[in-house]
Amino acid sequence: SQTIHQWPATLVQPVGSPLSLECTVEGTSNPNLYWYRQAAGRGLQLLFYSVGIGQISSEVPQNLSASRPQDRQFILSSKKLLLSDSGFYLCAWTTGWNSPLHFGNGTRLTVT
Amino acid sequence: TQLLEQSPQFLSIQEGENLTVYCNSSSVFSSLQWYRQEPGEGPVLLVTVVTGGEVKKLKRLTFQFGDARKDSSLHITAAQPGDTGLYLCAGALYSSASKIIFGSGTRLSIRP
């Protein structure tokens, strides 16, 4: 069966510090991978998506970046965090446009 | 910039009443999905619609995809307190089917 792992679950970081969130998928090959950010009680903002190794589409570049070094690994990074980067970050995967998105448990990031 | 506008943002109704949530866009979608999310967790798929005009029923929930595949609705009949939660629509863009965007969410509260 397919599983998705996302870590850490919670993170408190000072402004200006770096960020690395990691997501890995098991049990499937060549998934489409996604990073979303969610403000409390609101919808999901698409940050990045990837259809293959090394292929990254950016929706909200700003000070965030993403990488896909392996088929089932997706990493979200920042060199210097801003207060506005606080939020609930969700990684997800799918096999195609008419298949469901499967989400990780999310990372609650608080930038202080 | 493609947008998926969801309304209403908040809805509080009495148990037994009916309600409808709307999802609208100027963009065309290859598919549209509805998710439900509990606090601190990732969204969970309720339904996928792929054909213009398609209607799907899931017990007391009825989902419809617009003829032009630009909009969708979720209708709940005889709402129950267990229906309380955050409902999200998500669409895979026809112009780029790997790009999946979400609506702003509808927070539904059903009073006993």
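Structure shown above.
Caption draft 1: Inspection of the interface of chain A and chain B at higher detail. With 23 residues of chain A at the contact, the number on the chain B side is 27 residues. Together, the buried faces of chain A and chain B total about 1800 Å²; carbon and sulfur atoms form 57% of this surface. Summed over the three residues of chain A that lose the most area to chain B, namely Arg42, Leu44 and Trp97 of chain A, the buried surface amounts to 30% of that side. Linking chain A to chain B there are 1 salt bridge. Residue Glu59 of chain A pairs with Lys99 of chain B through a salt bridge whose shortest N-O separation is 2.8 Å. Remark: the boundary between chain A and chain B carries 9 residue pairs in polar contact (both at pLDDT 80 or more). When its residues are assigned to classes, the side of chain A that touches chain B shows 12 nonpolar, 9 polar and 2 charged.

Caption draft 2: Main features of the nonpolar core. Formed by 40 residues in total, the largest nonpolar core has its most connected members in Tyr36, Leu101 and Phe103 of chain A together with Leu19, Trp34 and Phe102 of chain B. When residues in this core are grouped by element, the largest group, 7 residues, is from strand S9 (residues 85–93) of chain B. Counting 21 residues, the second-largest nonpolar core is a separate cluster that includes Phe48, Phe74, Leu76 and Leu81 of chain A.

Definitions and cut-offs
Residues numbered from 1 in each chain as written. Chains lettered and ligands numbered in written order. Predicted model: local features only at pLDDT ≥ 70, side-chain atom pairs only at ≥ 80, totals over all residues. Heavy atoms only, no water. Contact = heavy atoms within 4.5 Å. Buried area = accessible area lost by both parts, 1.4 Å probe. Salt bridge = Lys/Arg side-chain N within 4 Å of Asp/Glu carboxyl O. Polar contact = N/O pair within 3.5 Å; in protein donor to acceptor, adjacent residues only side chain to side chain. Nonpolar A, V, L, I, M, F, W, Y, C, P; charged D, E, K, R; others polar. Core = buried A, V, L, I, M, F, W, Y, C linked by side-chain atoms within 4.5 Å. Buried < 20%, exposed > 50% of the residue type's maximum accessible area, 1.4 Å probe, protein only. Helix = DSSP H or I, 4+ residues; strand = E, 2+ residues; numbered from the N terminus.

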